[in-house]
Amino acid sequence: MVRGKGGAAELGTICEGSLGEHGFIPVSLLEGGHTMYCPKCGSENTEQALFCAKCGASLKAASKPSRVLFGERAQIPPEIRGWNWGAFFLGWIWGVSHRVWVSLLQFIPIPLVGIIMAFVLGVKGNEWAWDSRKWDNVGHFKKTQRNWAYAGFAAAGV
Ligand SMILES: [Zn+2]
């Protein structure tokens, strides 16, 4: 009777020890890897959940490292700096396509505003376009801007 009890206890100890020590089961599973905590309200959700069951906050966005995202946005490659002829000639048309909404200021019916905005877009266009749209790489960006420049020259009749 005593021997049997001891045997069972010993078996349990061995099992517990072998799980932890030899890592047969990933530690994340043992420590609740199936759950994640809502960054907004702190309630527990399943790992697969896209939204918090309690408050509805997006859980996928929270799991993304936002630090990297901001780093990308803040970093403007030196190669893309420079005058943007497409933005200069095509103004708001270029602006809408590149989500550079400030270009819509060209609609303000004040003399010179349109011309001033054209120059501002020419100078800042590349930076703004790089920030506001997703580009595969610098080459993709430059190629696209070159096409816009050609279109701009064509539209201006240069
Ligand atoms: Zn929540």
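Please read all numbers here as calculations on a predicted model, not as lab measurements.

**Q** Give me the overall build of the chain: which residues, what numbers.
**A** Across its full length, the chain carries eight helices and two strands. Starting at the N terminus, the α and β elements of the chain follow one another as α-α-β-β-α-α-α-α-α-α. Long-range contacts, defined here as pairs at least 24 residues apart, represent 47% of the contacts in the chain between residues at least 6 apart.

**Q** So what's going on with the environment of Val-102? Residues and values would help.
**A** Positionally, Val-102 belongs in the loop between α6 (92-97) and α7 (113-132). With ten residues separating them along the chain, Val-102 and Trp-92 place their C-alpha atoms 8.3 Å apart.

**Q** Tell me about α7, residues and numbers included.
**A** Its 20 residues give α7 an end-to-end C-alpha distance of only 23 Å, which falls more than 12% under 28 Å, the value for a rise of 1.5 Å per residue. At Lys-124, α7 shows its largest kink, close to 65 degrees. Those residues of α7 that fall on the buried side of the exposure criterion are Met-117, Leu-121, Gly-125, Asn-126, Trp-128, Ala-129 and Trp-130. Looking at the buried positions of α7, the neighbouring elements they touch are α5 (85-90), α6 and α8 (138-156).

**Q** Any chance you could break down the nonpolar core for me, citing the residues and the numbers?
**A** If you look at the biggest cluster of nonpolar residues, it comprises nine residues: Trp-85, Ala-87, Phe-88, Phe-89, Leu-90, Trp-94, Met-117, Leu-121 and Trp-148. Every element with two or more residues in this core is listed here: α5 and α7. Element by element, the count of residues in this core is highest for α5, at five residues. Excluding residues that lie within four positions of it along the chain, Trp-148 makes contacts with Gly-86, Leu-90 and Trp-94.

**Q** Can you tell me about the confidence of the model for the chain, naming the residues and giving the values?
**A** Of all residues in the chain, 70% have pLDDT values of 70 or greater, and the mean over the chain is 77. Ignoring residues within four places in sequence, the model shows residues 25-32, a span with pLDDT below 50, making three contacts including any to other chains. Counting contacts from residues 62-72, a segment whose pLDDT is below 50, to residues more than four positions away or on other chains yields two contacts.

**Q** Go over unusual backbone geometry with me, naming the residues and quoting the values.
**A** Peptide bonds are, in most cases, trans, and in most cases residues other than glycine have a negative phi. Not every positive phi belongs to a glycine, and Arg-99 is a case in point at roughly 60 degrees. Position of Arg-99 relative to the elements: it lies in the loop between α6 and α7. Taking the C-beta count within 10 Å as the criterion, Arg-99 has 13 such neighbours and is therefore assigned partly exposed. With a phi close to 80 degrees, Leu-112 is a non-glycine residue in the positive phi region. Within the secondary structure, Leu-112 is located in the loop between α6 and α7.

**Q** Tell me what's going on with α8, and back it up with residues and numbers.
**A** Here α8 is 19 residues long and its end C-alpha atoms lie 26 Å apart, about the 27 Å a rise of 1.5 Å per residue gives. For α8, the full list of buried residues reads Gln-145, Trp-148 and Gly-152. Buried residues along α8 cover an arc of 60 degrees about the axis, so they all sit on one side. Exposed side of α8, more than 90 degrees from the buried face: Gly-139, His-140, Arg-146, Asn-147, Tyr-150 and Ala-154 are the residues found there. Tucked into the core, α8 has its buried residues touching α5, α6 and α7. Backbone geometry just after α8 places Gly-157 at a positive phi near 70 degrees.

About the cut-offs
- Residues numbered from 1 in each chain as written.
- Predicted model: local features only at pLDDT ≥ 70, side-chain atom pairs only at ≥ 80, totals over all residues.
- Helix = DSSP H or I, 4+ residues; strand = E, 2+ residues; numbered from the N terminus.
- Contact = placed C-beta atoms within 7 Å.
- Expected span 1.5 Å × (residues − 1).
- Bend = angle between axes of the 7 residues up to and from the residue.
- Buried ≥ 20, exposed ≤ 12 C-beta atoms within 10 Å, placed from the backbone.
- Core = buried A, V, L, I, M, F, W, Y, C linked by C-beta atoms within 7 Å.
- pLDDT = per-residue confidence, 0-100.
- Arc of directions from axis to C-beta.

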